[in-house]
Each structure stands twice: as structure tokens, then as C-alpha cells.
Amino acid sequence: ELSSPNPADGPFLLRWGNREPPDADKVPFPPRWLIDGDPCCFKAGATLRLSLKQDAPDPNYGWIVRWGVGYLTLVSNVTGEVLMFYPDSPDLPANQPYDFGPLVEWIEYASLELAVYVEFEKGIGFDDFHGFVDEIFIVLDKPKPPMDPAWVNVLRISCVWARGAKTWKIAADMLRNGVFNNCQYEGFILFHHFEGWQDTEIGRETTEETFHLKAFLSQPEPRMGNCNALTNFLCCLITSVGINAIVQRTNRVILENGNKVGRWTFRTKLIRPANWLKDGYGQWGYHQFVLIEIEGNQVWDGNFIFKDPLAIPSGMIREN
């Protein structure tokens, strides 16, 4: 069983992202080491704890009395590179866990290879019992809402696109770039629905919205969507690696006389939308973006880049 002597370092709750409600979709917790191992998520730099768990005595050999672990190797699932070798511990009482670490100090999608030796009360030992924990997601901090618990199929993307990032700002930049380079902006492809409407001085406006993340992820690449979809997806990626972020929408344009304008209210500067081959101008009624408030109000937006002058909307100061 994998855990940590410091609970703040993980393992963090995960869900598969295949079924609702979320409680029916959780990855087994705490993660058990089996032949393939359950996916697990830990904080970068964490010390891990491997514990021996025997649910029932072996019918032939009884209870395990001693155990040992060796060949503890952390490997990148992205490059195949060996990231860490950890010391062996060949002779432990059955009830004594083995702490090892640290994990790498950056975001990583990794696996753990290990060999276990066990000795039963009847004196029979087994060695060369090799196995893998196939998926270890190493993140900056505990995943934040709406990715708490984080979806496994989101972490499989975020921990690759932000691989190597050691700070929240670099991770946010890499994930924004990942959305821009790997998704495609299409203004009339929707993966959300509005929860309700409210009366305002310019008529009926939407309130909360629900993002259909599973449907969005089920698309072939490049995954397409309007600004709601690409922005909501970016928010899921950013929060999955432990960064607090929210989604916001632009205010309506206010004229000099104080009146708010209705639909198709503003024209963008020259932009290049995500995965488009040409530049253009957008005529939009609103735009949606990710806001991170760690160092003031800063915007990350994977829907487009500005072309004249060239500017990437990462860490841009949000105006009122």
C-alpha cells in the first residue's frame, strides 16, 4: 500500500471520470500495490511510505512475518528516463513500513518499479516478486476544485503538458500553451449548459454553467470547442496540478451614456485562434477565460494569441 508519512503530501483522492455520481467513480483509496497498481497522486518532493498489507493468511504458508523491498525505481512515463533510484531495504518486520524518497521536485507522469521479498511464518520465502505502480501523478500541491478529486484522464494530460514545471506560474503557462497547441477553437461547438437565467437591465442573462468534461475529452484530437469549453478545460488542467483557479466571463460593454450593449458587442484585435491557420478579428458578445488570483488578478487564455502586436495571454492583468 502506498501512502506518505506526511498526509499533506498525498496520496490525493482520484476519480476515473467515467461515471456519475463521483462517489461511485473513485479510484480505490489508499492505493494498493497490485501487479499493475492503482493510479496515485502525490505532491512533488514527497516522501512515500510502502506498507505490507496481507488481508488473510496464505492457506499453505500462513502469515507473512518479514519482508523486504528492492529495485525501487521511479521512471518517467513520458520519456522512459529513470528519474530516481531508491535504497533497498531487505529485512523488515511484517508490520514495519518502508519510507523512501523524495519524489522529483517537478510535475511528472511517472511509474514505480519494485521487487518484494516475503517470508512466511512457516519459513518459506519468495523473492523476485516484481511489480509496477503504472501511474504516479506528481503535482505541485493537492488538486483544487473542480478537480478535487482529480480525474485520472485529466491528470494524464496535465502531467504531460506541464511536465518539468516547478512553479505554479510556469505550470499555468505550459498548460495554456497545451490547450492552444492541441485543441481547436470553434465558436459554435458547445460542451456546456447553463443552470439558469436572471433578469438584468438589458434582458435575460445566464448565471452558472455546467461543463461536460467527459464529452469534451471523448473527442478525437484536436479537441474542439468554443471559449467556454476550452477555458473550462484549461481550468480543469490547472487545478488538477494543485493551482487555485476560477473561470470568469467578460462584462458587457458599457456605452458613454451608461447603457450596456447586448449581443455581439465587441470586436477583438487581430488574433490567431487555437489551431487555426489564419488570423482574423472576432465579433463577440462575451469571452471566457481562466483567472488566477495568487499574485493579483491574472488571466490565462488558451483560445487565441494576439497577432498585432504579438502577445500571448498568459499572466495578463485583468481589467475591470
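Structure first, text after, so check above.
Description of the structure in this document. Quick caveat, the model's predicted, so the values are computed rather than measured. (Residues numbered from 1 in each chain as written. Predicted model: local features only at pLDDT ≥ 70, side-chain atom pairs only at ≥ 80, totals over all residues. Heavy atoms only, no water.)

## Thoughts on the pattern of salt bridges
Working step 1: Tallying each qualifying case throughout the model produces 13 salt bridges.
Working step 2: Its salt-bridge partner being Glu135, residue Arg156 comes within 2.7 Å of it at the nearest N-O pair. Of this pair, Arg156 sits in helix H1 (residues 152-161) while Glu135 sits in strand E10 (residues 125-139), placing them 21 residues apart in sequence.
Working step 3: Residue Glu135 is classed as buried on the basis of its relative accessible area of 12%.
Working step 4: Its salt-bridge partner being Arg272, residue Asp279 comes within 2.4 Å of it at the nearest N-O pair.
Working step 5: Since its relative accessible area comes to 22%, Arg272 is described here as partly exposed.
Working step 6: The network of salt bridges with common partners includes Glu81, Glu108 and Arg163. (Salt bridge = Lys/Arg side-chain N within 4 Å of Asp/Glu carboxyl O. Helix = DSSP H or I, 4+ residues; strand = E, 2+ residues; numbered from the N terminus. Buried < 20%, exposed > 50% of the residue type's maximum accessible area, 1.4 Å probe, protein only.)

## A look at the packing of aromatic side chains
Working step 1: Tallied over the full model, the rule gives 13 aromatic pairs.
Working step 2: Taking 5.6 Å as the distance between ring centres and 40° as the angle between the ring planes, the aromatic pair formed by Tyr61 and Phe120 counts as tilted. Residue Tyr61 is located in the loop between strand E4 (48-50) and strand E5 (64-76), and its partner Phe120 is located in strand E9 (residues 108-120); the two are separated by 59 residues in the primary sequence.
Working step 3: For Tyr61, a relative accessible area of 24% translates into the label partly exposed.
Working step 4: Note on Phe120: relative accessible area 7%, which makes it buried.
Working step 5: Seen from their ring centres, Tyr98 and Phe100 are 6.0 Å apart, and the 20° between their planes marks the pair as stacked. Residues Tyr98 and Phe100 agree in their burial class; the two are buried. (Phe/Tyr/Trp six-rings, centres within 6.5 Å; stacked < 30°, edge-to-face > 60°.)

## Some thoughts on the environment of Val247
Working step 1: Mapped onto the fold, Val247 is located in strand E18 (residues 246-249).
Working step 2: For Val247, a relative accessible area of 31% puts it in the partly exposed group.
Working step 3: Other than its neighbours up to four places away in sequence, Val247 contacts Thr231, Asn232, Cys235, Gln288 and Phe289. (Contact = heavy atoms within 4.5 Å.)

## Some points on the environment of Ala311
Working step 1: On the secondary structure map, Ala311 appears in strand E25 (residues 310-311).
Working step 2: Look at Ala311 and you get partly exposed, because its relative accessible area is 26%.
Working step 3: The spacing of Ala311 and Ile271 is 40 residues in sequence and 9.4 Å in space, taken between C-alpha atoms.
Working step 4: When sequence neighbours within four positions are dropped, the list of residues in contact with Ala311 reads Ile305 and Phe306.

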